[in-house]
Amino acid sequence: MTEYIGPILLAIVILGILVILGCLIHAAIVRNKDIRVLRIPQTLSPEDEKHASDLLELLSIKTTSYEDDEAYHTFREKMKVMFPLIHQYMKRERVNNNVVFTYQTEKQSKKILFVTHMDTSFGTEEKYMDHHEVYGPGAFDSKALLYATLRAVEEMLVDQSKLKTNITIIVTVDDETTKNGNEAIVNKFLKQGQFFNLVIEEGIGIIDPTFLELQSHFALLGIGVTGEVGIRYKVQKTQKSKEKLEAFAMEIDNAPIFKSQVDHNAQRILSHFAKDMPFHNRFLFLNIWLFRGFVKKIINADQTEFSKLLKTTFTTSSIQENENQYYVDAVFQLATHDNTSKVVRALSPFVEKYDIDYEIISIKESSKQTSEKMKGYKDVQKAVEGIYKELYVAPYIITKISDRRYLNRVSDCVIRFSPLYYPYEALQDAANGNEHIMKKSLTYGIEVYKKIIKSYEGE
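(A) Focus on empty space enclosed by the protein. Scanning the model with the defined rule gives 2 cavities of 30 Å³ or more in all. By volume, the largest cavity amounts to about 100 Å³. Here the lining of the largest cavity gets 5 residues from one element, more than from any other, and that element is helix α3 (residues 70–82). When the residues that make up the lining of the largest cavity are grouped by side-chain class, the tally is 8 nonpolar, 1 polar and 3 charged.

Pasting the structure below:
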């Protein structure tokens, strides 16, 4: 028997060498042929300046999320002046405090739905613009996107007088309060029997190569949203139980409860980016089946949005109280491989240790994923590539806007994407309360929307 050990070990070594060689060849062949880097022109046209000036006017109106607020009324009146043809040719309906604009062609044609919202302007930052950018609360979230959507339709009405595509635009104002706007509007669509061939709602957008050591710019088309679970951990109201709950909350905040996992969905998404990575990372990511552990370490260390695809994250509230109880609310943003039961099981050792009660207060299931083979996906991809040119387009599963799954009820093709480009610096600044957008980005975003609409003309 011992005489076979040597040949067996040799065969294993040779097989291992062949596997590694195959992986190396795979990584050398499967790659993007060219590096695509966005170079936004510095020269601005009168059109660019007009868009920037319009946006600054909207930013200067300090809106809130309440319909009866004077500033909101001022904003609505400004929109009537800024987008007169939309108000003339599109039917306008109120759903609670939210607005739905609808354009119906004379004959039956396919339907596009654009979903936008308007956040409350809490910021005190000055609203202004310099030679290349517009600054102020709403330049990132979300008056810039609202403006680009409406301006695209307005310009098409100016050019054509009549649209050749059925278009509906949702503008919600309760995204920071009740968050019921989208659901109420979708329920209205369902009662009316409305079904859309393409839905575009806010999601992820264009990213710089800084993510995962990419070499090119990417436009990420959100094809789905992961799940979210809210759980309330509670104890009866005594001083001792409050201390117990505090200890529980502190421990789960610091414990490594959830593990990274590269499932089929995450692997499919990551494979699109692997082709653009430097060789050493491309070698690992294209052969995840063999180097899964290394890939997980790279992504977790990177701490970008990609890491949330692999590992469930959560936030906990401070200790709250009612008449009879102290409680802590935890919101779990699920990775692609997790669900509610897995979260409950993962926390059960801590619940038992501290003798804590809990109740599930919300469950938002992951959305249906849009196929990359659908016409709507391909049309958005072509529009983005046609306007921005120097970038790649890839599908993505979003982990951040998990309160928005309602649109899948009225469409099989929901794309969560913003065509406005925010460089990495602008994203960082927005996170710190300093919102700004390039003037040229507004024009690019408007042109993307117009190109999408034109792709449905006459259908």
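(B) Summary view of the pattern of salt bridges. Tallying each qualifying case throughout the model produces 20 salt bridges. Of the charged contacts, one joins Lys78 and Glu57 as a salt bridge, the two residues approaching to 2.7 Å between their closest N and O atoms. You can see Lys78 sitting in helix α3 and its partner Glu57 sitting in helix α2 (residues 46–59), a full 21 residues away along the chain. Glu57 sits in the partly exposed class, given a relative accessible area of 34%. Among the salt bridges present, the one from Arg416 reaches Glu201, with a minimum N-O distance of 3.1 Å. Placement of Arg416 in strand β16 (residues 414–417) and of Glu201 in strand β7 (residues 198–204) is noted, with a sequence separation of 215 residues between them. Relative accessible area serves as the criterion here: at 0%, Arg416 is assigned to the buried category.

(C) Examining a nonpolar patch on the surface more closely. A surface patch of nonpolar side chains, amounting to about 1000 Å² of accessible area, comprises Leu10, Ile14, Leu18, Ile20, Leu21, Leu24, Ile25, Ile29, Phe279, Trp289 and Leu290. At the level of elements, α1 (2–29) and α10 (288–302) are the ones that each hand at least two residues to the nonpolar patch. Here the nonpolar patch takes 8 residues from α1, the largest share from any one element. In this fold, Leu21 is placed in helix α1.

(D) Examining the side chain of Thr172 more closely. As for its placement among the helices and strands, Thr172 is situated in strand β6 (residues 166–172). Here Thr172 falls in the buried class, since its relative accessible area comes to 0%. Setting aside residues up to four positions removed in sequence, Thr172 forms contacts with Asn98, Thr116, His117, Met118, Gly181, Asn182 and Ile185.

(E) Inspection of the sheet that holds strand β5 (residues 133–135) at higher detail. The antiparallel open sheet is built from 3 strands, whose spatial order is β4-β5-β17. Single-partner strands in this sheet number two, and they are β4 (128–129) and β17 (436–438). Note that β4 and β5 share 2 bridges and pair antiparallel. Paired with Met129 across the two strands is Val134, which belongs to β5. Against the sheet, α2 touches β4, β5 and β17, its axis set at about 5 degrees to β5.

(F) Main features of α3. An ideal rise of 1.5 Å per residue puts 18 Å on 13 residues; α3 measures up with 18 Å between its terminal C-alpha atoms. The set of residues buried in α3 consists of Ala71, Tyr72, Phe75, Arg76, Met79 and Met82. Burial along α3 is one-sided: seen end-on, the buried residues are contained in an arc of 145 degrees. Among the exposed residues of α3, those pointing more than 90 degrees away from its buried face are Glu70 and Val81. Structurally, α3 contributes buried residues whose contacts are with α2, α4 (84–89), β1 (91–95), β2 (98–103) and α5 (143–160).

(G) The pairing of β1, seen in detail. Bridge count for β1 against β2 is 5 bridges, and the pairing is antiparallel. Residue Val95 lies in a different strand from β2, and its bridge partner there is Asn98. Connecting the antiparallel pair β1 and β2 is a turn made up of 2 residues, with Asn96 showing a positive phi of about 60 degrees.

Definitions and limits used
Residues numbered from 1 in each chain as written. Predicted model: local features only at pLDDT ≥ 70, side-chain atom pairs only at ≥ 80, totals over all residues. Heavy atoms only, no water. 1 Å grid on protein atoms, 1.4 Å probe; cavity = no way out; pocket = protein on both sides within 12 Å on 5 of 7 lines; lining within 4 Å. Points joined across faces, edges and corners; volume = space filled by probe spheres on them. Helix = DSSP H or I, 4+ residues; strand = E, 2+ residues; numbered from the N terminus. Nonpolar A, V, L, I, M, F, W, Y, C, P; charged D, E, K, R; others polar. Salt bridge = Lys/Arg side-chain N within 4 Å of Asp/Glu carboxyl O. Buried < 20%, exposed > 50% of the residue type's maximum accessible area, 1.4 Å probe, protein only. Patch = residues over 30% accessible without salt bridge, like charges linked within 9 Å, V, L, I, M, F, W, Y side chains within 5 Å. Areas by Shrake-Rupley, 256 points an atom, 1.4 Å probe, with all protein chains shown as cover. Contact = heavy atoms within 4.5 Å. Pairing = 2+ DSSP bridges. Axes fitted to C-alpha atoms, helices over the stretch in contact; angles between N-to-C directions. Expected span 1.5 Å × (residues − 1). Arc of directions from axis to C-beta.

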